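Residue-level listing of the chains:
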Amino acid sequence: MNPEAIRLLSDLLGPSNLKTALEDRITYAFDASGTRAIPEAVLFPRTREDVPEIVKIAARFGIPITARGAGSGLTGGAVAPSSGMVLDMSCLDRIIRIDPGNLLAEVEPGVVTAELQAAVEREGLFYPPDPASGSFSTIGGNIAENAGGMRAVKYGVTRNYVMGLEVVLASGEVIHTGSKCLKDVVGYDLTTLFVGSEGTLGIITRAILRLLPLPEARRTLLALFPSMSKAAETVPRLFKSRVVPSTLEFMDRVCIEVVSKYLESGFPENAEAVLLIEVDGRRSAVNEEMGEVHRVCKEQGAMEIQTAASESERDVLWRSRRSIHNALRRLRPRWEEEDVSVPIASIPAMIETMEQIRRSHGLLLACFGHVGDGNLHISYVPKDETATDSPRLGRARHDILRAAVDLEGRIAAEHGIGSIKRKEIGWNLDQPTLHLMETVKHLLDPDGIFNPGKIFPGEEAGSHAS
Amino acid sequence: MPHENSVKESGQGQGLAGLGALLLKCTKCGECRSVCPVFNELGEEKYVARGKLALVDALGAGELPPTDALREALEQCLLCLSCEARCGSGVPVSRIITEARAELARDLGRPLPKRMLYRLLASGRGMVNLAFRTGSLLQPFLFRRIPGTSGLKRRFPLPLVDRDLHVPRLALRPFRSREERFFPAPDSRDTVVFFTGCLTNFIHTQTAGSVVKVLNSLGISVIVPGDQACCGAPAHAGGDFGAAGNLARMNLKALNRGRAEGKKVVVPCASGGYMLKSVYSLLMQDDPVYGEMAADTAQRTFDISEYLVNHVGLGNISPHVKSHLSGPVTCHDPCHLNRGQGIREEPRALLKIVCDEFAEMEDPGTCCGSGGIYGITHRDTSKRILEKKIRSILDSGAGIVSTGCPGCIIQITGGLLQRGSMVEATHTIQLLARAMGLV
């Protein structure tokens, strides 16, 4: 990296907030995707005002800059190219204000999602987006990746809760999108443009987030089904009976097997699918809705239904869903993971196709996820554990993504495109659409300094480490 | 899982080569960020498990040379096991960190004070007792007593001792003597072996006395082997597996000889118990004689609270409780008891029979920042971590904080004194002894 740029950045941030030692750079070379590239420097801005100044220096010297929250993303979005620098935004972690009167919160990007949730809940408020990484991922990262989560079926994803943003552009200018107003049609909706832009258009330094009143009550139910199709058909039946659960998670037979083994508490052997269903709202409505959920599950041929009467019983029901990743990892340390979504009515067809892929490629394939919003997580490894069979995995990956696209689904649901799905982005976006996106990127970041190597097909940003 | 098995087959001290499969388990998800007390204060990736594992990985791959900066990153770990308990992939972080520390010591050597400390502790009883006697003679010259407490403050600038550091007072005489001691109980229904640990032997001798008195009153005879030594936790944490292994052999011999052979071992020290239960087996895995002895001893080792609740039974203890402690009592869970041994309920069960009011503090299992010698070598971070613990204790409204680790007692007492608080930090067994009218 240019020594002059280093000197300027060091003067700006203070030497302790600019790290160039290999020991530091190695620890910022990865996210949870398995991609890896050692950046040239790691920067720790201590105030929001540092960010535009950093960007100006990066722009002047043409140094790529990758903003990063907790680095928990699964698609390489937080991995800087080896010629670039990482901006660790998790230092900017102030909750600026919680505003119960306006049902909103203003935060810096480094606030950990769960900490924001706990803080607003203390005020009787609710920030619904809940990615599985919520206990360590940051709001800024959630916004940049438009993170989803368990409650999307009823409450939507991160995008639905971002009212306004402060963003530093590649020129170093600071813009403000959106407002504190729920209704706002002043100009283009730039907020939505930046949400999910994976750090390629600008650096988020502040966000206005929408809050809801904390639901008075919630009830949880776990139902076991003798077939996946029966479980999948339960979803439209629930909607038909006017119940919109806050959570509607499913696990397939492979998940059931590994989780039972992991938790040493078995589900019935002939269970083929599990649904974990939660409803929330007013206590009276919740009880009524839970009754309805129970009835529908029974009608659909559920073999066993467990309900939680207390928070600790709820934890027990959630334990199996939360344990899937752990259970899979205990079986094999590394799994390929795909995150696709299909229109909700196509879930049964998608699951059926996964069964075919499992068989035809000789895979151990586990399928679970958010059946209520059409988001499936598919983890797979070769069945033979000694096989290092990357061509076969590549073919399986191709078939999984293709299957989603064939059902009018998307190749990425809540993890983003990052560097690892760039080659397939054209499967979802036609050429003119993709071209417009590239034009927008070029307009906002003409020199390509913001998180290069992400979203669009092109040069590799990092290498796959695993 | 062939990888894992091949690693399990060898003991600790095999170098980085044996860590490959263990490192592969880390998926770099970042979950460890949510629980690491050190990362919570310092906020950089090299201070959290996933960052440290990336460094160890790079060291093993030859991508990163052994440097002091690397060593410092790896030293910034309390071995509190928080990340390990949270990790979905089951990465044995503490094992990897200690192995990497050993590797770096091989390459870079060890700082003299640490080398001396590990040598001293590993040299066995004679030298340690001599050091203790020297220390207890010098202490009045170097430190002055803090009125109204058992603490000391330094008189002159001393290396590694802050002006405001609370230094525990060495007892006038250690609890253990050269020869085996036997404390028979009238109508004895069981006989246990008492593994004291260093701090209980040299500083908290009252706690040691309480262990014996409580057990004797409950009809349990106590053997205190004379030739037991330091449990080896400091040397093991520092990656000195040679010293830790020697201590393990000494202790295993002491705990399995003569009258002690085959008996249950009780430990009032979280780290000592953790070493006996989990680490000795790993250290001795390649040793044909001591490997089996370590595994067998681990099965017979119990924390004092665990032994009392699960082997004596609350129903047999309650009738001996003469008076209840007044005011609310809270409980701090030591890392090596809580996560290291999975013991949380037993101390609470005991406290609930001796006090009228139990007040749970927020996050009772977060580390107090002591971490063996981390509190001395990384004083500033340790103080910041301790500050949070002290706040939780004070917020609980309790007048007494009970715990099962002498190291935590020293650390927490220091933090409370710093805040001018009158809350007392003490061992659970002390409170039981008090309620039973034994002290």
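The rules behind these values
Residues numbered from 1 in each chain as written. Chains lettered and ligands numbered in written order. Predicted model: local features only at pLDDT ≥ 70, side-chain atom pairs only at ≥ 80, totals over all residues. Heavy atoms only, no water. Helix = DSSP H or I, 4+ residues; strand = E, 2+ residues; numbered from the N terminus. Rg over C-alpha atoms; globule rule 2.2 N^0.38 Å. Buried < 20%, exposed > 50% of the residue type's maximum accessible area, 1.4 Å probe, protein only. Contact = heavy atoms within 4.5 Å. Polar contact = N/O pair within 3.5 Å; in protein donor to acceptor, adjacent residues only side chain to side chain. Pairing = 2+ DSSP bridges. Axes fitted to C-alpha atoms, helices over the stretch in contact; angles between N-to-C directions. Arc of directions from axis to C-beta. Disulfide = S-S within 2.5 Å. Buried area = accessible area lost by both parts, 1.4 Å probe. Salt bridge = Lys/Arg side-chain N within 4 Å of Asp/Glu carboxyl O. Nonpolar A, V, L, I, M, F, W, Y, C, P; charged D, E, K, R; others polar. Right-handed = clockwise from strand over helix to strand, strands pointing away. Phe/Tyr/Trp six-rings, centres within 6.5 Å; stacked < 30°, edge-to-face > 60°. Lys NZ or Arg CZ within 6 Å of the ring centre and 35° of its normal. Expected span 1.5 Å × (residues − 1). Core = buried A, V, L, I, M, F, W, Y, C linked by side-chain atoms within 4.5 Å. Parallel < 35°, antiparallel > 145°, perpendicular 65-115°, else oblique. Left-handed = near helix turned anticlockwise from the far one by under 90°. pLDDT = per-residue confidence, 0-100.

### Things to note about the overall build of chain A
- When helices and strands are tallied, chain A shows 15 helices and 20 strands.
- In summary, chain A has a C-alpha radius of gyration of 23 Å against a globular reference of 23 Å for 466 residues, a match within 12%.
- A principal-axis box enclosing the C-alpha atoms of chain A has dimensions of 70 × 55 × 45 Å.
- Expressed as a percentage of the 466 residues in chain A, the buried residues total 56%.

### What to know about the environment of Arg50(B)
- When you line up the elements, Arg50(B) lands in helix α4 (residues 49-60).
- In this structure Arg50(B) comes out as buried when scored by relative accessible area, which is 1%.
- Spatially, the C-alpha atoms of Arg50(B) and Cys83(B) are 9.2 Å apart, while their sequence positions differ by 33 residues.
- Contact partners of Arg50(B), with chain neighbours within four places excluded, come to Phe30(A), Arg68(A), Ala70(A), Gly71(A), Ser72(A), Cys26(B), Lys28(B), Cys29(B), Gly30(B), Cys32(B), Arg33(B) and Glu45(B).
- A distance of 2.5 Å separates a polar side-chain atom of Arg50(B) from the backbone oxygen of Ala70(A).

### So, the sheet that holds strand β10 (residues 355-358) of chain B
All names here are of chain B.
- Spatially, β10-β9-β11-β12 is the arrangement adopted by the 4 strands of the open sheet, whose pairing is parallel. The sheet is open, and its two edges are formed by β10 and β12 (424-427), each paired on a single side. In this sheet, neighbouring strand axes are inclined to one another by 40° on average, regardless of whether the strands run parallel or antiparallel.
- Note that strand β9 (residues 325-331) and β10 share 3 bridges and pair parallel. Looking at the pairing, Leu325 lines up with Cys355 of β10.
- Docked against the sheet, helix α19 (residues 345-354) engages β9, β10 and β11 (400-403), running at close to 130° with respect to β10.

### Let's talk about the sheet that holds strand β8 (residues 301-303) of chain B
All names here are of chain B.
- In spatial order, the strands read β4-β6-β5-β7-β8; together these 5 strands make up an open sheet with mixed pairing. Pairing within the sheet leaves two strands with one partner each, and these edge strands are β4 (181-183) and β8. Sheet twist, expressed as the average angle between the axes of neighbouring strands with direction ignored, equals 30°.
- Looking at chain direction, strand β7 (residues 264-267) and β8 are connected through 3 bridges and run parallel. What sits directly across from Val266, in β8, is Phe302.

### Brief notes about helix α4 (residues 113-121) of chain A
- Burial in α4(A) covers these residues: Thr113(A), Leu116(A), Gln117(A), Ala119(A) and Val120(A). All buried residues of α4(A) project into a common sector of 165° when viewed along the axis, lining one side.

### A few points about the state of the cysteines
All names here are of chain B.
- Scanning all chains against the criterion turns up 0 disulfides over all chains.
- Here Cys331 is not disulfide-linked; the sulfur of Cys355 is the nearest cysteine sulfur, at 10.0 Å.
- The class of Cys331 is buried, set by a relative accessible area of 1%.

### Looking at the interface of chain B and chain A
- Listed by partner, the interface residues are 32 residues for chain B and 29 residues for chain A.
- For the pair chain B and chain A, the summed buried area comes to about 2,500 Å², and 53% of that belongs to carbon and sulfur atoms.
- One can count 4 salt bridges joining chain B with chain A.
- One salt bridge connects Glu45(B) with Arg68(A), and the closest N-O pair in it is separated by 3.5 Å.
- When residues in the side of chain B that touches chain A are grouped by element, the largest group, 5 residues, is from α4(B).
- Of the residues that constitute the side of chain B that touches chain A, the class distribution is 13 nonpolar, 9 polar and 10 charged.

### Quick notes on the pairing of β11(B)
All names here are of chain B.
- Residue alternation in β11 divides its side chains into two sets, Ile400 and Ser402 and Val401 and Thr403, and both sets are buried.
- Pairing analysis gives 3 bridges linking β9 to β11, with the strands arranged parallel. Bridge assignment links Thr330 to a residue of β11, and that residue is Val401.
- Where β11 lies against β12, 4 bridges are found, and the strand directions are parallel. For Val401, the partnering residue across the bridge sits in β12 and is Ala425.
- In this region the chain leaves β11, passes through helix α22 (residues 406-418) and returns to the parallel neighbour β12; the handedness of that crossover is right-handed.

### Observations concerning the side chain of Thr196(B)
- As for its position among the elements, Thr196(B) is in the loop between β5 (190-194) and α10 (198-202).
- In contact with Thr196(B), other than residues within four places in its own chain, are Phe175(B), Arg176(B), Asn201(B), Val224(B), Gln228(B), Pro268(B) and Cys269(B).

### Some points on the packing of aromatic side chains
- Under the definition given, this model contains 5 aromatic pairs over all chains.
- Between Tyr28(A) and Phe44(A), the aromatic rings sit 5.8 Å apart at their centres with planes inclined by 80°, giving edge-to-face as the arrangement. Placement of Tyr28(A) in the loop between α2 (22-26) and β2 (35-36) and of Phe44(A) in the loop between β3 (41-43) and α3 (50-61) is noted, with a sequence separation of 16 residues between them.
- Linked through ring pairs, Phe175(B), Phe183(B) and Phe194(B) together constitute an aromatic cluster.
- Across from the ring centre of Phe30(A), 5.5 Å away, lies the NZ or CZ of Lys28(B), which sits over that ring.

### Remarks on helix α14 (residues 390-406) of chain A
Residue and element names in this part refer to chain A.
- Taking 1.5 Å as the rise per residue, α14 with 17 residues should run 24 Å; its terminal C-alpha atoms sit 24 Å apart, in good agreement.
- Here α14 has its buried residues at Arg392, Leu393, Ala396, Arg397, Ile400, Leu401, Ala403, Ala404 and Val405.
- On its buried side, α14 packs onto β17 (336-341), α13 (347-360), β18 (363-370) and β19 (375-382).
- Phi for Glu408, located one or two positions after α14, is positive at around 65°.

### Things to note about the nonpolar core
- Of all hydrophobic cores here, the largest spans 50 residues; its most connected members are Val293(A), Met350(A), Met354(A), Leu365(A), Leu376(A) and Ile378(A).
- The element that contributes the greatest number of residues to this core is α14(A), accounting for 7 residues.
- Not counting the four nearest positions on each side in its chain, Leu376(A) is found in contact with Phe250(A), Glu338(A), Asp339(A), Val340(A), Ile347(A), Met350(A), Ile351(A), Cys367(A) and Phe368(A).
- Core analysis: the second largest hydrophobic core is formed by 41 residues, Ala29(A), Cys26(B), Cys32(B) and Leu78(B) among them.

### Some remarks on the packing of α19(B) against helix α23 (residues 428-435) of chain B
All names here are of chain B.
- In contact at an axis separation of 10 Å, α19 and α23 are set at 25° when each is read in the N-to-C sense. With respect to α23, the axis of α19 lies roughly parallel. Of the two possible hands of crossing, α19 and α23 adopt the one that is left-handed. Where α19 approaches α23, its residues Pro347, Leu350, Leu351 and Val354 are matched on the opposing element by Thr428, Leu431, Leu432 and Ala435.
- Taken together, the residues of the contact of α19 with α23 sort by class into 7 nonpolar, 1 polar and no charged.

### So, the confidence of the model for chain B
- Per-residue confidence for chain B gives a mean pLDDT of 91, with 96% of residues at or over 70.
- Of the regions scoring below 50 in pLDDT, residues 1-9 of chain B engages in 13 contacts with residues more than four places distant in sequence or in other chains.

### Focus on the pattern of salt bridges
All names here are of chain A.
- Evaluated as defined, the whole model comprises 51 salt bridges over all chains.
- One salt bridge connects Arg97 with Glu106, and the closest N-O pair in it is separated by 2.3 Å.
- Take Arg97: its relative accessible area is 38%, and that puts it in the partly exposed class.
- The buried category is assigned to Glu106, whose relative accessible area is 3%.

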